[in-house]
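Chains, contacts and geometry: an overview
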Amino acid sequence: MNISENLKHFLRQVPENLCLVAVSKTQSNENIMQAYNAGHKILGENKVQELEKKYTELPKDIQWHFIGHLQTNKVRKIIPFVHLIHGVDRFRLLKEINRQAKINDKVQDVLLQFFIATEDTKFGFSIEEATEMLESKEFEELENIRIVGVMGMATYTNDENQIRNEFKALKSYFDKLKSVYFEDKPYFKEISMGMSNDFKIAIEEGSTIIRIGSSIFGERDYSK
Ligand SMILES: *Cc1c(COP(=O)(O)O)cnc(C)c1O
């Protein structure tokens, strides 16, 4: 497995202005350093404990993205150093992120996660829930978070049509939020969608951030 070759090969397939988050979950520091030494410093993790450990052990100029389901009681552990939290799927979580960001004297960038798949193991807002939150008085008071866009995961299926329709739904939620709540907010511009098996469709449907693990690092070994 040559990670730097994989990375180069992968980058040739995607538009240059796209943000590539290399998903390093379950990967060893040695593997991650291969990507780092090849010049890639934007990494994604989905477990707080693993992210904390890697943050401590690896170079400090890595830009860490949290892409997993985040428990409210673990928010404080990652706020001091995390660049972007992709999976904000409930108001309570957003409030806790705001609270911890305030303690750390920062404004935390986040993405609202939408539920677009058919599997109920996936998390996220519906458009109605998101709208309700964005219109609430309580939301207006949050000064230490900045919503920079949306995120979603398509159903794990071979049905390309279904995947495409789910990504189209996410893009339509983005467009709606942009026009109603973020028209004058240039930072609201990100659509995080697309993984190793569906990134091509995601890019065609308007993705600005793709999250790629196995195509770069190889298959994950969960037994270790
Ligand atoms: C693991 C993971 C990915 C990357 O998956 P691959 O299929 O290995 O590219 C992307 N997004 C999230 C939220 C993940 O948990």
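For the structure itself, consult the block above.
The structure contained in this document is the topic of the report that follows.

1. Things to note about the site of the ligand
As a matter of local geometry, the ligand sits amid Val23, Lys25, Ile67, Met153, Met195, Ser196, Arg211, Ile212, Gly213, Ser214 and Arg220. Measuring from an oxygen atom of the ligand, one finds a side-chain N or O atom of Ser196 at 2.5 Å. Take Ser214: an N or O atom from its main chain is 2.8 Å from an oxygen atom of the ligand. Expressed as a share of its isolated accessible area of 390 Å², the protein-covered part of the ligand is 91%. Here the residues of the shell around the ligand sort into five nonpolar, three polar and three charged.

2. What to know about a negative patch on the surface
Together, Glu128, Glu129, Glu132 and Glu135 give the surface a local cluster of negative charge. Following the sequence through the fold, Glu135 ends up in the loop between α6 (127-134) and α7 (137-140).

3. What about the nonpolar core?
Counting residues in each nonpolar core, the largest one holds 62 residues, and the members touching the most others are Leu94, Phe114, Ile147 and Leu177. For this core, the element with the highest residue contribution is helix α8 (residues 160-181), accounting for six residues. Beyond its immediate sequence surroundings of up to four residues, Leu177 is in contact with Leu112, Phe114, Ile127, Leu134, Val150, Phe182 and Phe188. Counting residues in hydrophobic clusters, the runner-up holds six residues, among them Val21, Leu111, Met151 and Ile209.

Each value, and the rule that gives it
Residues numbered from 1 in each chain as written. Predicted model: local features only at pLDDT ≥ 70, side-chain atom pairs only at ≥ 80, totals over all residues. Heavy atoms only, no water. Near = heavy atom within 4 Å. Polar contact = N/O pair within 3.5 Å; in protein donor to acceptor, adjacent residues only side chain to side chain. Areas by Shrake-Rupley, 256 points an atom, 1.4 Å probe, with all protein chains shown as cover. Nonpolar A, V, L, I, M, F, W, Y, C, P; charged D, E, K, R; others polar. Patch = residues over 30% accessible without salt bridge, like charges linked within 9 Å, V, L, I, M, F, W, Y side chains within 5 Å. Salt bridge = Lys/Arg side-chain N within 4 Å of Asp/Glu carboxyl O. Lys, Arg positive; Asp, Glu negative; His and termini not counted. Charge placed at Lys NZ, Arg CZ, Asp CG, Glu CD. Helix = DSSP H or I, 4+ residues; strand = E, 2+ residues; numbered from the N terminus. Core = buried A, V, L, I, M, F, W, Y, C linked by side-chain atoms within 4.5 Å. Buried < 20%, exposed > 50% of the residue type's maximum accessible area, 1.4 Å probe, protein only. Contact = heavy atoms within 4.5 Å.

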